[in-house]
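Residue-level structural notes
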Amino acid sequence: MFDGYLTLGDVDVKGKRVLVRVDYNVPLDEFGNIVDDVRIRETIPTINCLLDKNAKVILASHLGRPKGERNPKYSLKPVAERLKRLLETEVKFAPDCVGEEVEKMVNSMKEGEIILLENLRFHKEEEENDPSFAKALASLGDIYVIDAFGTCHRKHASMYGIKDFINPVVMGFLLERELKYFEQALVNPERPVVAFIGGAKVSSKLGIIKHLLNKVDKIFIGGAMAFTFIKAMGYHTGSSLVEEDMFEEALYVLEEAKKRDVKFYLPVDFVCGKEISEKTPVIEVPWQEITDDWIGLDIGKASIQLIKEIIKDAQTIVWNGPMGVFEIDQFKTGTFSLAHEIANSPALSIAGGGDTDYAIHKAGVVDGISYISTGGGAFLKLLEGKTLPCLNAITNKTS
Ligand code: AMP
């Protein structure tokens, strides 16, 4: 599916100015310290490969939403410092991403040197996919590498428009790895394939659920979404979160699952609270017994047992979205148990999305998951069966 694209391994980079679009949109705390550097670490294989081959490496990224204006809060300077430590080598930091001064810095680079450019989104032209901006950026490199998986669903100048001004445009190792795992899990998977989809709203995951019905053998819907399905079937769900305007869609999904012989599972019991808070009293009951003054906020023990049964024979597992309000201790067990069950399974497992990624790290089971996607929005787009615009920017092997 993704085989036809040029990759880093296909091009001669020695002595060339290689401009790499990375996604260093890392979380920062109130003092500007990097809270989680996984997105930086995941680009190290691409950078090291370029350094080993004596390329001149120019890194470009966005950070946060500075809305097209220079804002020190969103400077990539702390990222340059972190990169220095991770690579144990000098990383120069450019005061901008385009312009005369940056061109001078780039043109005086020696082989094996690295420059990180300042935030692309300090220029509104980046998000507007402006051709002049794309051209100015492209002039900094001889070869363009896209390794920013987390931004691949955006048609921005550095992700898309730039293809008209630089050739070749190739995939970096991170992007290649993301697509390879996705392909293994959902394009040519070992069966049975089991999907776990959780979260708050059916409306935001409907595209994913519908697409997965064509791909998987079993699907388990957890989180508040389960209540929309249960209520659509005509049952009571107490004061749990439901989307009444999604009932028709929910019933359609159930019907489609039946037609396609996809086994469709919902939780069988819930941990309920009186309110979404640490202090609420809790009960654990089968969903048939949730009365009006209780809110279902996590899946219960019987549901976790059911999950064990579902994944017993799984060869491939896909997971997105929490099983409950995992941010609150009393309602985190379902999500963490799912993380443990998936990690303990020998199946190929891919997971993605901000909450899912966080839960896997919190549960301490990172090593048990075959692949954790670095891109929230881009991962969800792939799960919906959409193509990523940036793939159209990558040069074909045959061209
Ligand atoms: P999403 O962004 O759609 O993946 O939803 C994630 C959010 O769903 C998390 O913040 C959870 O706290 C929330 N969530 C999961 N289960 C429930 C539930 N039973 N009731 C209310 N919110 C929930």
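Residues numbered from 1 in each chain as written. Predicted model: local features only at pLDDT ≥ 70, side-chain atom pairs only at ≥ 80, totals over all residues. Heavy atoms only, no water.

Per the secondary structure count, the protein includes 14 helices and 15 strands. Rg of the C-alpha trace for the protein: 23 Å, near the compact-globule value of 21 Å for 399 residues, within the 12% margin. The C-alpha extent of the protein, read off along each of the three principal axes, is 70 × 45 × 35 Å. When each of the 399 residues of the protein is scored for burial, the buried share is 57%. Here the contacts in the protein between residues at least 6 apart in sequence split such that 73% fall between residues at least 24 apart. Summed over all atoms, the accessible surface of the protein reaches about 17,200 Å², with 48% contributed by carbon and sulfur. When the 48 basic and 59 acidic side-chain charges of the protein are each reduced to a single mean position, those positions are 3 Å apart. (Helix = DSSP H or I, 4+ residues; strand = E, 2+ residues; numbered from the N terminus. Rg over C-alpha atoms; globule rule 2.2 N^0.38 Å. Buried < 20%, exposed > 50% of the residue type's maximum accessible area, 1.4 Å probe, protein only. Contact = heavy atoms within 4.5 Å. Areas by Shrake-Rupley, 256 points an atom, 1.4 Å probe, with all protein chains shown as cover. Lys, Arg positive; Asp, Glu negative; His and termini not counted. Charge placed at Lys NZ, Arg CZ, Asp CG, Glu CD.)

A few words on the environment of Val268. Looking at the secondary structure, you find Val268 in the loop between β9 (263-265) and β10 (269-273). Its relative accessible area of 35% is what places Val268 among the partly exposed residues. Spatially, the C-alpha atoms of Val268 and Leu306 are 8.2 Å apart, while their sequence positions differ by 38 residues. Setting aside chain neighbours within four positions, we find Val268 in contact with Pro286, Trp287, Gln288, Ala302, Ser303 and Leu306.

Moving on, we get to the packing of aromatic side chains. Summed over the entire model, instances satisfying the criterion amount to six aromatic pairs. Against the face of Tyr160 rests Lys163, its NZ or CZ located 4.2 Å from the ring centre. Its end group placed over the ring of Trp294, Lys274 keeps NZ or CZ at 4.3 Å from the ring centre. (Phe/Tyr/Trp six-rings, centres within 6.5 Å; stacked < 30°, edge-to-face > 60°. Lys NZ or Arg CZ within 6 Å of the ring centre and 35° of its normal.)

The subject of this paragraph is the site of the ligand. Taken together, 14 residues surround the ligand, and among them Ala200, Lys205, Gly296, Gly324 and Glu327 come closest. One of the side-chain N or O atoms of Glu327 is found 2.5 Å from an oxygen atom in the ligand. Calculation on the ligand without its partners gives an accessible area of 500 Å², and the protein chains cover 78% of this total. Counting residues per element, the ones that place at least two in the shell around the ligand are α8 (202-212) and β12 (295-299). The residue inventory of the shell around the ligand, partitioned by class, reads six nonpolar, five polar and three charged. (Near = heavy atom within 4 Å. Polar contact = N/O pair within 3.5 Å; in protein donor to acceptor, adjacent residues only side chain to side chain. Nonpolar A, V, L, I, M, F, W, Y, C, P; charged D, E, K, R; others polar.)

So, on to the domain arrangement of the protein. Segmentation of the protein into domains returns domain 1 (8-174) and domain 2 (189-383). The straight-line distance from the C-alpha centre of domain 1 to that of domain 2 is 36 Å. Contacts between the two partners involve seven residues from domain 1, matched on the other side by ten residues from domain 2. Taken together, the two surfaces of domain 1 and domain 2 that pack against each other cover about 690 Å², and 66% of this comes from carbon and sulfur. Summed over the shared surface of domain 1 and domain 2, the result is zero salt bridges. Between domain 1 and domain 2 we count one residue pair in polar contact (both at pLDDT 80 or more) in total. Grouping the amino acids of the side of domain 1 that touches domain 2 by side-chain chemistry returns three nonpolar, two polar and two charged. (Domains from an automatic or database assignment. Buried area = accessible area lost by both parts, 1.4 Å probe. Salt bridge = Lys/Arg side-chain N within 4 Å of Asp/Glu carboxyl O.)

On to the nonpolar core, then. In terms of nonpolar packing, the biggest core is built from 108 residues, with Leu117, Phe196, Ile219 and Trp319 touching the most fellow members. Here this core takes seven residues from helix α7 (residues 173-187), the largest share from any one element. Residues in contact with Phe196, not counting those within four places in the same chain, are Phe220, Ile307, Ile311, Ile317, Val318, Trp319, Asn320, Leu338 and Ile342. Val11, Tyr24, Ile34 and Ala55 belong to the second largest nonpolar core, which has 32 residues in total. (Core = buried A, V, L, I, M, F, W, Y, C linked by side-chain atoms within 4.5 Å.)

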